[in-house]
Amino acid sequence: MPTPADAAHPAASLSTSSAELASTAITAPVQDASGGHSAAAAEGSPELASIKTKLLASLGHFADFPIPGIKFIDILPLFRDPAVHVDLLRALELQIQRDFGADPAHKPDVIVGLDARGFLFGPSLALRLDAGFVPVRKKGKMPGPCVTAAYEKEYGTDYFQIQEGAIKPGQKVLVVDDIIATGGSAAAAASLVKQLGGELIGYLFILEIPFLKGRSKLGGVKTVTLLETDE
């Protein structure tokens, strides 16, 4: 994707393709899978809570981008400063340990990153977890045999692909992206994981746009967000 798979708009009625234009615009607090606030739920880890405060302070903020009425939160500053970048990866690692289990038997074997911002942190996170990284890309972007899943956008249907054999049957898979909005692209990635025989253990996002109700498309699978903002 030229922008992340999911995105925000000032009205929840907008569909996936429009949403993609403002993929990091947040208009309501993020909640965890149980309906409580993810940041509050993580208070048991002082290190994680401290890092989240630093990460929130590093986010960029832009009014009326890309269209009037959008409050755009930019994650790209998290990657400009090496120390902040390291903090982001550590926070994601701690969040996974907290929500998906620190026991090696429960950790993901594969991190699946969505095109394109899931590629920014997915590979580095996979290395920290001693896991493989597998990209999900738009149709026609990867060579060789691929499996394909469709998802709906405002003006039609788009397609995601994973290369055949990239995930082995029975491998535990965590899908990551920068943001969850309408949820269609994340659900398509899950379909690809299942087509290859992988065991989807959950989703991990940096930010969420709750009013777009993307979780409703994820089939009740555990969904975790790292940061919470009131903007």
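Per an unreviewed UniProt entry, the protein is named adenine phosphoribosyltransferase, and its organism is Remersonia thermophila. UniProt's Pathway (unreviewed entry) comment on the protein is quoted here verbatim: "Purine metabolism; AMP biosynthesis via salvage pathway; AMP from adenine: step 1/1." In its Subcellular location (unreviewed entry) section, the UniProt record describing the protein reads: "Cytoplasm".

**Q** Where do I start with the overall build of the protein in this structure?
**A** Broken down by element type, the protein carries 6 helices and 9 strands. Across the 231 residues that make up the protein, the buried fraction comes to 52%. Sequence separation of at least 24 residues holds for 66% of the intrachain contacts in the protein that already meet a minimum separation of 6. Counting only carbon and sulfur atoms, one obtains 56% of the accessible surface of the protein, whose full area is about 9,500 Å².

**Q** Teacher, can you tell me more about the environment of Ala186 here?
**A** Tracing the chain through its elements places Ala186 in helix α6 (residues 184-195). Along the backbone, Ala186 and Arg215 are 29 residues apart, and their C-alpha atoms lie at a distance of 9.5 Å.

**Q** Help me understand the sheet that holds strand β3 (residues 110-114) in this model?
**A** Two strands in a sheet stick together by hydrogen bonds in their backbones, pointing the same way (parallel) or opposite ways (antiparallel). Spatial ordering of the open sheet is given by β5-β6-β4-β3-β7-β8-β9, a layout of 7 strands whose pairing is mixed. Both edges of this open sheet fall to β5 (146-153) and β9 (223-225), since each of them pairs with a single strand only. Mean inter-strand twist for the sheet, computed between neighbouring axes without regard to direction, equals 25°. Bridge analysis of strand β7 (residues 172-180) against strand β8 (residues 199-208) gives 8 bridges, and the strand direction is parallel. Residue pairing across strands places Val173 opposite Leu200, the latter belonging to β8. Strand contacts of helix α4 (residues 82-100): β7, β8 and β9, with the helix running at about 135° to β8, the strand carrying the most contacts. Packed onto the sheet, α6 meets β3, β4 (132-138), β5, β6 (156-163), β7 and β8 and runs at close to 160° relative to β5.

**Q** What should I look at first to understand the packing of α4 against helix α5 (residues 118-128) in this one?
**A** Any two packed helices are characterised by the angle at which their axes cross and by the distance between the axes. For the pair α4 and α5, interaxial distance at closest approach is 10 Å and the crossing angle is 60°. Judged by the angle between their axes, α4 and α5 are oblique. α4 and α5 meet at a crossing whose hand is right-handed. Contact residues: His85, Val86, Leu89, Arg90, Leu92, Glu93 and Ile96 in α4; Leu120, Phe121, Ser124, Leu125 and Arg128 in α5.

**Q** Can you help me understand the pattern of salt bridges in this one?
**A** Note that side chains of opposite charge can pair when their charged atoms are close. Within this structure, the stated rule accounts for 8 salt bridges. Among the ionic pairs, Arg137 bridges to Asp115, the shortest N-O distance being 3.6 Å. Placement of the pair is Arg137 in strand β4 and Asp115 in the loop between β3 and α5, with a sequence separation of 22 residues. Judged by relative accessible area, which is 4%, Asp115 ranks as buried. Note that Lys138 is salt-bridged to Asp158, the shortest N-O span being 3.1 Å. With Lys138 in strand β4 and Asp158 in strand β6, the pair connects residues that are 20 residues apart, well separated along the chain. Assigned by exposure class, Lys138 and Asp158 land together as buried. Each member of the salt-bridge network shares a partner with another, and the members are Glu47, Arg90, Glu93 and Arg128.

About the cut-offs
- Residues numbered from 1 in each chain as written.
- Predicted model: local features only at pLDDT ≥ 70, side-chain atom pairs only at ≥ 80, totals over all residues.
- Heavy atoms only, no water.
- UniProt positions renumbered as here; feature names shortened; annotations may be inferred.
- Helix = DSSP H or I, 4+ residues; strand = E, 2+ residues; numbered from the N terminus.
- Buried < 20%, exposed > 50% of the residue type's maximum accessible area, 1.4 Å probe, protein only.
- Contact = heavy atoms within 4.5 Å.
- Areas by Shrake-Rupley, 256 points an atom, 1.4 Å probe, with all protein chains shown as cover.
- Pairing = 2+ DSSP bridges.
- Axes fitted to C-alpha atoms, helices over the stretch in contact; angles between N-to-C directions.
- Parallel < 35°, antiparallel > 145°, perpendicular 65-115°, else oblique.
- Left-handed = near helix turned anticlockwise from the far one by under 90°.
- Salt bridge = Lys/Arg side-chain N within 4 Å of Asp/Glu carboxyl O.

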